[in-house]
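# Overview (structure and organization)
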There are 2 protein chains.
Amino acid sequence: MYQELYDHIRRYVPLSAEEESVLASNLSHRVLKKKEHLLTAGQVCHANYFIVKGCLRLYIMTESGHEQTVQFAIENWWMSDYNTLGTSRITHVNIQSVENTEIVVLDATLQEYVFTRIPQLERYFRLVLQRAYAAAIMRAQYMLEMREEERYRHFSSAFPGFIQRIPQYMLASYLGFTPEFLSKIRAKKDA
Amino acid sequence: MYQELYDHIRRYVPLSAEEESVLASNLSHRVLKKKEHLLTAGQVCHANYFIVKGCLRLYIMTESGHEQTVQFAIENWWMSDYNTLGTSRITHVNIQSVENTEIVVLDATLQEYVFTRIPQLERYFRLVLQRAYAAAIMRAQYMLEMREEERYRHFSSAFPGFIQRIPQYMLASYLGFTPEFLSKIRAKKDA
DNA sequence: CGCGACGTTGATTTGCCTCAACGATTGTGG
DNA sequence: CCACAATCGTTGAGGCAAATCAACGTCGCG
């Protein structure tokens, strides 16, 4: 149980068998079918989610009424609405599974308790967040320096195989252009 | 000395006078003139920088040879190249002061030592990074959902006053368009 | 089988870029 | 302290990349 998470934590900090069990009693496990919602705009976000297997996406509804994918998360990444997590404010984002997905749920208040019992986890999350932040900055950089087509080519070479796991309209949205345009890019150079 | 930083830390975690002095002996202070470089592509990034007063920007040189501003940081924010900080890899980014700026420098290796002496700082940085990450995600969202002109209007209403502190060409670059276009936006609706 | 979701393709439009020339402002050295 | 250069901002003409809109093909699923 939770083995993938333990392994991930051990990449960053030591974790004893005893600590594993403290952690285990504060976690829960959840299985999501494809396209199932984990969080919907208007709700309060209570937990941090670790992906064991599968893929989540975070999206918002734009004023013009279409879904704008803001983030993807795959195996060994955490996802949540960090803007409101730990507060009682409602979220404006939606989190949904892209494919059948298995996650570990760490409730925000339990997380605080776990930190008191396993102080090294504070370090683990600091390191995880530093990586995530660095990745977000890199993404901002790519959005700024590359044109649409270049972004697609860069993304597909950086994450080969991932392309086949997600519908094209979600990828187009994430990369900041239209599905029609993505279709035209592929028609051009896939040959 | 370092009072602004102590105050900022105390927004998140307790900090005793004794811990202040442990911290102090591992920090240094630096004053930068406008446009001075703190980090240049090709160097190794050794430290994390806390802004006491002033403004830094992080930028890269694009293939076409122009400066692409990726981030700004102002009072009470930390800035560094988190992609390489703590490693011996060279950086590809530049960090430069926008105006006369005063910073606190926390060396990466000393930071590790300080964490062993003041474990609560691990928590402080976790919380700071969580906020920074949340802000970076919000920014990605704005880049995706808004058109160029809307981004400018949103930015200038979200950070009134900041506009006057930075040259327009840096702001245009940060927002993802050309200085000429920014000039045209302003001409349109400032009247 | 038929419907809805997804992807493709083409015609047209448009928002923003590029390029170029011209002001305004700053700062620096004689 | 002025002159000049360099930097920064403005304005306009023209071009192009990507959006929009619309129609059609295809696949999976109830």
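Below or above, wherever it landed, is the structure these notes cover. (Residues numbered from 1 in each chain as written. Chains lettered and ligands numbered in written order. Predicted model: local features only at pLDDT ≥ 70, side-chain atom pairs only at ≥ 80, totals over all residues. Heavy atoms only, no water.)

Moving on, we come to the state of the cysteines. Throughout this description, disulfide means a covalent bond between two cysteine sulfur atoms. All names here are of chain B. Tallied over the full model, the rule gives zero disulfides over all chains. Cysteine Cys45 remains unbridged, with the sulfur of Cys55 as its closest cysteine sulfur at 17 Å. The buried category is assigned to Cys45, whose relative accessible area is 2%. (Disulfide = S-S within 2.5 Å. Buried < 20%, exposed > 50% of the residue type's maximum accessible area, 1.4 Å probe, protein only.)

In this section: the interface of chain B and chain A. Each partner contributes to the interface: chain B provides 34 residues, whereas chain A provides 33 residues. Summed over both sides, the interface of chain B with chain A buries roughly 3,100 Å², with 64% coming from carbon and sulfur. Looking only at chain B, the three residues that lose the most surface to chain A are B:Arg126, B:Tyr133 and B:Leu144, adding up to 23% of its buried area. For the pair chain B and chain A, the interface holds eight salt bridges. Residues B:Glu122 and A:Arg126 are paired through a salt bridge, measuring 2.4 Å at the closest nitrogen-oxygen approach. Contributing elements (two or more residues each) for the side of chain B that touches chain A: β5 (67-74), α3 (108-117), α4 (120-145) and α6 (168-175) of chain B. If one sorts the elements of the side of chain B that touches chain A by residue count, α4(B) sits on top with 18 residues. Its residues placed into classes, the side of chain B that touches chain A shows 18 nonpolar, ten polar and six charged. (Contact = heavy atoms within 4.5 Å. Buried area = accessible area lost by both parts, 1.4 Å probe. Salt bridge = Lys/Arg side-chain N within 4 Å of Asp/Glu carboxyl O. Helix = DSSP H or I, 4+ residues; strand = E, 2+ residues; numbered from the N terminus. Nonpolar A, V, L, I, M, F, W, Y, C, P; charged D, E, K, R; others polar.)

Here we come to the sheet that holds strand β5 (residues 67-74) of chain A. Reading across the sheet, the four strands line up as β2-β7-β4-β5 (chain A) and stay open at both edges, with antiparallel pairing between neighbours. The sheet is open, and its two borders are formed by β2 (37-39) and β5 of chain A, each paired with just one other strand. Pairwise comparison of adjacent strand axes, ignoring direction, gives a mean angle of 30 degrees for this sheet. On top of the sheet, helix α6 (residues 168-175) of chain A reaches β4 (55-61), β5 and β7 (94-97) of chain A; it is set at about 100 degrees to β5(A), its chief contact. Here α4(B) sits on the sheet and contacts β4 and β5 of chain A; the angle it forms with β5(A), its principal contact strand, is near 140 degrees. (Pairing = 2+ DSSP bridges. Axes fitted to C-alpha atoms, helices over the stretch in contact; angles between N-to-C directions.)

What follows deals with the protein's contact with DNA strand D. Taken together, 15 residues form the shell around DNA strand D, and within it A:Glu148, A:Thr178, B:Lys35, B:Gln168 and B:Ser183 come nearest. Each atom of DNA strand D within 4 Å of the protein was assigned to sugar, phosphate or base; sugar and phosphate come to 67%. The side chain of A:Thr178 places a nitrogen or oxygen atom 3.0 Å from a phosphate oxygen of DNA strand D. Mapped onto the surface near DNA strand D, the elements with two or more residues apiece are α7 (179-189) of chain A together with α6 and α7 (179-189) of chain B. (Near = heavy atom within 4 Å. Polar contact = N/O pair within 3.5 Å; in protein donor to acceptor, adjacent residues only side chain to side chain.)

So, on to the packing of helix α4 (residues 120-145) of chain A against α4(B). The contact between α4(A) and α4(B) brings their axes to 8 Å, and the two run at 25 degrees. It follows from the interaxial angle that α4(A) and α4(B) lie roughly parallel. The two elements α4(A) and α4(B) cross, and the hand of that crossing is left-handed. When the residues that make up the contact of α4(A) with α4(B) are grouped by side-chain class, the tally is 16 nonpolar, two polar and eight charged. (Parallel < 35°, antiparallel > 145°, perpendicular 65-115°, else oblique. Left-handed = near helix turned anticlockwise from the far one by under 90°.)

Tracing the backbone shows A:Ser173 in helix α6. For A:Ser173, the side chain forms a polar contact with the main-chain oxygen of A:Glu67, separated by 3.5 Å. Reaching out from A:Ser173, the side chain makes a polar contact with the backbone nitrogen of A:Thr69 at a distance of 2.8 Å. Once residues within four sequence positions are removed from consideration, A:Ser173 is found in contact with A:Glu67, A:Gln68, A:Thr69 and B:Leu144.

All names here are of chain B. Mapping His37 onto the fold places it in strand β2 (residues 37-39). A C-alpha to C-alpha distance of 14 Å links His37 and Glu67, two positions 30 residues apart in sequence. Those residues in contact with His37, other than ones at most four positions away along the chain, are Arg30, Tyr59, Asn94, Ile95 and Gln96. A distance of 2.6 Å separates polar atoms of two side chains, one belonging to His37 and the other to Tyr59.

What follows covers the sheet that holds β5(B). Residues and elements named next belong to chain B. Taking strand neighbours across the sheet as the criterion, the four strands line up as β2-β7-β4-β5 in an open arrangement whose pairing is antiparallel. Either end of the sheet is taken by a strand with one partner, and the two such strands are β2 and β5. When the angles between neighbouring strand axes are averaged without regard to direction, this sheet yields 30 degrees. In terms of strand pairing, β2 meets strand β7 (residues 94-97) through two bridges, oriented antiparallel. Bridging across to β7, Leu39 finds its partner in Ile95. Packed on one face of the sheet, α6 meets β4 (55-61), β5 and β7 and runs near 100 degrees to β5.

Turning next to the relation of the copies chain B and chain A. Overlaying chain B with chain A gives an RMSD of 0.0 Å, the required rotation being 180 degrees about an axis along which the chain moves by 0.0 Å. Here the symmetry operator amounts to a two-fold rotation axis. Of all interface residues in chain B, 97% are interface residues in chain A too; the two copies therefore contact each other through one and the same surface. (Least-squares fit on C-alpha atoms with pLDDT ≥ 70 in both.)

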